Amino acid sequence: MNNLGISTDPALLGVDLPSSLTTSPSVSTFMPEEDASICPLLPTTPSPPPMDFIHPLTPSTGIDEGNNEDLGGEFQGDDAQADSSSSGSSSGIGIQVTANGPGSLFNKHAYQHLGSKNGDITQDNGVTQTGVFSIPMTKDTPSFVNWNWPLIRKCTFFLFMSGLFAMCAIVVAMMFKLPKSCNPEVPWYKGAVFYEIFPASFQDSNGDGLGDLKGLASRIDYLESLGVGAVRLNSIFPAKHYPDHFQNVTTLLDIDEILGNPRDLTYLARILQRRNISLILDLPIYPLVKHLAVIRENFTEATNSTDTEDEEVFQDSDTSEDPVLTAMRFWLSMGVDGFYVKGLENYAGDPYLIENLQEWKFALGSDRILMVSKLVFDSVDDDTAEKVRHCVDLVDVFVDVSNGTKVIAEKVQSILNSRFLAPGFGPWIHWSLGGVTERRLAQGTSSNISLAATLMQLMLPGTPSIFYGDEVALQEVYDPLGEHEESKHLHHLSTMVWDSEIQFTVKEHLPWLPRGAFVAFHHFEHVAGMIRLRGISPSIYQNAVIKEHQSVLNTAVRYSKNDILILERWYPRRNTFTSISNFGSKSLVLDLSGMFYAGEIMLGSLKGEKVFFSSIQVKPMETIIVKLDK
């Protein structure tokens, strides 16, 4: 019986124990009041040489007999406390622990922890052994053990973070590239704003007092800042006494020498297209063309067939006697994007009218436009009008704003309800308020009428057209003494006035027509702002709502009395807009709460302000554009 009260009788243990275990030296080493001693499993001093592992159930004295002479008392002294601890806690069962070597690493009773970079080994009892813990390498050791794992971890972390940052950058870039709006697309000429120019009065480049194509090209920045989608040139062809009698055209295959030459037109078309602006030419075929070309009998069959052979027959049709088609092909090669065939209404009774229109449109293709006047539809019967409708892209409609809002409303309503020109499928309306044959908008009244009428026009469904100078309220020639009566028929073609140091022509020369009576440069920003608003608002640039192959109007004339004209434009899931125009000479306060509740003013000095329709003031000769609250 030892001091712990555990019997050491061999009969009780059921095994034959050597006397060295029953009379362990460790028992006599402790004081009577001590139960056990605490000794680190691994001493702080360098460990002795590796020893063989002995199974814990194998009786042992704690000394390898075979190596007793070699180890001597040093081993006993070093391991005395370990033996006493084992005997005190294991009831005399001896365990020999190998202090260093592979056996101790994989022994389930030897728990060791790798230390930090200096190679320290930390035991479970908190004692730290200084030294390098190493495993002997053999031929069976896997190759990955020798890899540079710290470097591998760093490289892997770097690659992971790089991939993460790259993915984030790609997501951010995709977000920035996403369109800010998802508006329905239309062909370039549908809904865009056209700008009609009389070249002799726009800009002079050589100092002769007459405008030319090179001068027009120098004003490309002005056209781009205005926001127009196409420039339409009228009367560029040679004529007797050009430009005084520009109507008397002598050929459709050349440009009057005052304006330049075909190379100048090619240059103009190229720089316009770089700014995403198309070029349209007027073709005044009457009275230059005596009759329309006679089309071969197989022409109709070719145009109605989709067979490739028939298309070749169509392309090979005899066009040598068609001066219009010859002119179109010539100018198309110069970069022109479409034509306005003027005077076509004079050929309403021609039996080959439809065949010629079909051939012209075929030569132009789907991406270039063919435009005619509404007078063509008014001059032919319904069957012919239906056929013309399928051959043209734009129909020019002139709106006279000098006869009051009632006349304007009736004109707009008649177009919207027209059998052949109703919005939706078919040609789009090209709205014109001025031109080479019409008086200036601002003539004879306040210059503000030009701005009010232009803003109202830009609210109409279709493709509006601005006559040069109307965006700044350019008036007719100022001739109070009647010194230029011989050119009175041209006074509405007054030379353009510029808000810059460079004027229409050099100071040493006088322009071919006197300067206009008045110009309002501050109108430019209002018109340009309305064009920008139109370009991003389907409610305005779309001419109808197409649903299941059916067109529904998105325009309504809400009021047209007492010099007040109110238009409303809408589109599904988009903002609704209204324009309130006062063409009278008095300021009015209107109660329109029965139509609308409130909205936001989109143009002018009050842009962004809230407006309530229970009491809204409209100044004389003013148009207010309001985005309605939903």
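Residues numbered from 1 in each chain as written. Predicted model: local features only at pLDDT ≥ 70, side-chain atom pairs only at ≥ 80, totals over all residues. Heavy atoms only, no water.

**Observations concerning the overall build of the protein chain**
Along its length, the protein chain carries 19 helices and 21 strands. Here the protein chain holds 630 residues, and 45% of them are scored as buried. The contacts in the protein chain between residues at least 6 apart in sequence include a share of 69% that link residues at least 24 apart. (Helix = DSSP H or I, 4+ residues; strand = E, 2+ residues; numbered from the N terminus. Buried < 20%, exposed > 50% of the residue type's maximum accessible area, 1.4 Å probe, protein only. Contact = heavy atoms within 4.5 Å.)

**Digging into the environment of Pro-423**
Residue position: Pro-423 is located in the loop between helix 16 (405–416) and strand 10 (428–432). Considering only alpha carbons, one finds Pro-423 and Asn-554, 131 residues apart in sequence, at a separation of 8.9 Å. Apart from residues no more than four positions distant in its own chain, Pro-423 is found in contact with Ile-415, Leu-416, Asn-543, Ala-544, Ser-551 and Leu-553.

**Looking at the UniProt feature "transmembrane region" (unreviewed entry) in the protein chain**
With numbering aligned to this structure, UniProt lists the feature "transmembrane region" (unreviewed entry) at residues 157–176. Helix makes up 100% of residues 157–176 and strand 0%. Its end C-alpha atoms lie 29 Å apart. (UniProt positions renumbered as here; feature names shortened; annotations may be inferred.)

**Things to note about the nonpolar core**
Judged by nonpolar contacts, the single largest core of 120 residues is most densely connected at Tyr-195, Leu-223 and Leu-233. Setting aside anything within four residues of it in sequence, one finds Leu-223 in contact with Tyr-195, Ile-197, Phe-202, Leu-216, Val-228, Val-231, Leu-272 and Ile-277. If you look at the next biggest cluster of nonpolar residues, it comprises 14 residues, including Ile-564, Phe-596, Val-611 and Val-626. (Core = buried A, V, L, I, M, F, W, Y, C linked by side-chain atoms within 4.5 Å.)

**Topic: a nonpolar patch on the surface**
On the surface, a nonpolar cluster with roughly 460 Å² of combined accessible area is contributed by Phe-144, Val-145, Trp-147, Trp-149 and Ile-152. Structurally, the position occupied by Val-145 is in the loop between strand 3 (128–129) and helix 6 (149–177). (Patch = residues over 30% accessible without salt bridge, like charges linked within 9 Å, V, L, I, M, F, W, Y side chains within 5 Å. Areas by Shrake-Rupley, 256 points an atom, 1.4 Å probe, with all protein chains shown as cover. Salt bridge = Lys/Arg side-chain N within 4 Å of Asp/Glu carboxyl O.)

**Observations regarding the sheet that holds strand 15 (residues 564–569)**
Read from one edge of the open sheet, six strands run 14-15-16-21-18-19, paired in antiparallel fashion. Of all the strands in the sheet, just strand 14 (555–561) and strand 19 (610–612) have a single pairing partner and so form its edges. Strand-to-strand twist across the sheet, computed as the mean angle between neighbouring axes with direction ignored, equals 30 degrees. Two strands pair when backbone bridges link them, and strand 15 and strand 16 (residues 577–582) are joined in this way by six bridges, in the antiparallel orientation. (Pairing = 2+ DSSP bridges. Axes fitted to C-alpha atoms, helices over the stretch in contact; angles between N-to-C directions.)

**Some points on the pairing of strand 16**
A large share of strand 16 lies buried, amounting to six of its six residues. In strand 16, alternate side chains face the same way, and those of Phe-577, Ser-579 and Ser-581 on one face and Thr-578, Ile-580 and Asn-582 on the other are all buried. Note: strand 16 against strand 21 (residues 622–628), six bridges, orientation antiparallel. Bridging across to strand 21, Ser-581 finds its partner in Thr-623.

**What to know about the packing of aromatic side chains**
If you walk through the whole model with that rule in mind, you get 17 aromatic pairs. Both rings, one in Trp-147 and one in Trp-149, keep their centres 5.5 Å apart while their planes meet at 35 degrees; by these two values the pair is tilted. One aromatic cluster is present, formed by Tyr-195, Phe-202, Tyr-222, Phe-467, Tyr-468, Trp-498 and Phe-524 through successive ring pairs. Lying over the aromatic face of Trp-498, Arg-219 brings its terminal NZ or CZ to 3.9 Å of the ring centre. Across from the ring centre of Tyr-468, 4.6 Å away, lies the NZ or CZ of Arg-440, which sits over that ring. (Phe/Tyr/Trp six-rings, centres within 6.5 Å; stacked < 30°, edge-to-face > 60°. Lys NZ or Arg CZ within 6 Å of the ring centre and 35° of its normal.)

**Focus: the sheet that holds strand 8 (residues 369–373)**
The parallel closed barrel is built from eight strands, whose spatial order is 4-5-6-7-8-9-10-11. When strand polarity is set aside, the average angle formed by the axes of neighbouring strands in this sheet is 25 degrees. Pairing of strand 4 (residues 194–197) with strand 5 (residues 230–233) involves four bridges; the strand directions are parallel. Residue pairing in the sheet places Tyr-195 in a bridge with Val-231 of strand 5. Here helix 12 (residues 323–332) sits on the sheet and contacts strand 6 (278–284), strand 7 (338–342) and strand 8; the angle it forms with strand 7, its principal contact strand, is near 150 degrees.

**Overview of the pairing of strand 6**
Most of strand 6 sits out of view: seven of its seven residues are buried. Where burial is concerned, the two faces of strand 6 agree: the one with Ser-278, Ile-280, Asp-282 and Pro-284 and the one with Leu-279, Leu-281 and Leu-283 are both buried. By the bridge criterion, four bridges tie strand 5 to strand 6 in an arrangement that is parallel. Counted as the bridge partner of Val-231 is Leu-279 from strand 6. Note on the crossover from strand 5 through helix 9 (residues 262–274) to strand 6: the handedness is right-handed. Pairing between strand 6 and strand 7: four bridges, direction parallel. Opposite Leu-283, over in strand 7, you have Val-341 as the bridge partner. (Right-handed = clockwise from strand over helix to strand, strands pointing away.)

**A few points about the packing of helix 17 (residues 448–457) against helix 18 (residues 523–535)**
One way to put it is that helix 17 packs onto helix 18 with a least axis distance of 10 Å and a crossing angle of 5 degrees. One element, helix 17, and the other, helix 18, form an angle in the roughly parallel class. Contact residues: Asn-448, Leu-451, Thr-454 and Leu-455 in helix 17; His-523, His-526, Val-527 and Met-530 in helix 18. Considering only residue class, the contact of helix 17 with helix 18 consists of four nonpolar, four polar and no charged. (Parallel < 35°, antiparallel > 145°, perpendicular 65-115°, else oblique. Nonpolar A, V, L, I, M, F, W, Y, C, P; charged D, E, K, R; others polar.)

**A word on helix 12**
Those residues of helix 12 that fall on the buried side of the exposure criterion are Val-324, Leu-325, Ala-327, Met-328, Trp-331 and Leu-332. Buried residues of helix 12, viewed axially, fall in a sector of 160 degrees; they line one side. Buried residues belonging to helix 12 abut helix 9, strand 6, strand 7, helix 13 (353–364) and strand 8. Capping of helix 12 at its N-terminal end is provided by Asp-322; its side-chain oxygen lies 3.2 Å from the backbone amide nitrogen of Val-324. (Arc of directions from axis to C-beta. Polar contact = N/O pair within 3.5 Å; in protein donor to acceptor, adjacent residues only side chain to side chain.)

**So, helix 17**
Because an α-helix completes one turn every 3.6 residues, residues spaced three or four positions apart along the sequence face the same direction. Counting buried positions along helix 17 yields nine of 10 residues, so the element is predominantly enclosed. When we look at burial in helix 17, the residues that qualify are Ile-449, Ser-450, Leu-451, Ala-452, Ala-453, Thr-454, Leu-455, Met-456 and Gln-457.

**Some points on the pattern of salt bridges**
Between side chains of opposite charge, a pair can form as their charged atoms come close. If you walk through the whole model with that rule in mind, you get 14 salt bridges. Close ionic contact of Glu-476 with Arg-439 constitutes a salt bridge, the shortest N to O distance being 3.1 Å. Of this pair, Glu-476 sits in the loop between strand 11 (463–467) and helix 18 while Arg-439 sits in the loop between strand 10 and helix 17, and the two are 37 residues apart along the sequence. The class of Arg-439 is exposed, set by a relative accessible area of 57%.

**A look at the side chain of Asn-234**
Locating Asn-234 in the fold gives a position in the loop between strand 5 and helix 9. Here the side chain of Asn-234 touches Glu-196 through a polar contact of 2.6 Å, side chain to side chain. Dropping the residues within four chain positions of it, Asn-234 is found in contact with Glu-196, Ile-197, Phe-198, Pro-199, Asp-282, Lys-342, Val-436 and Phe-467.

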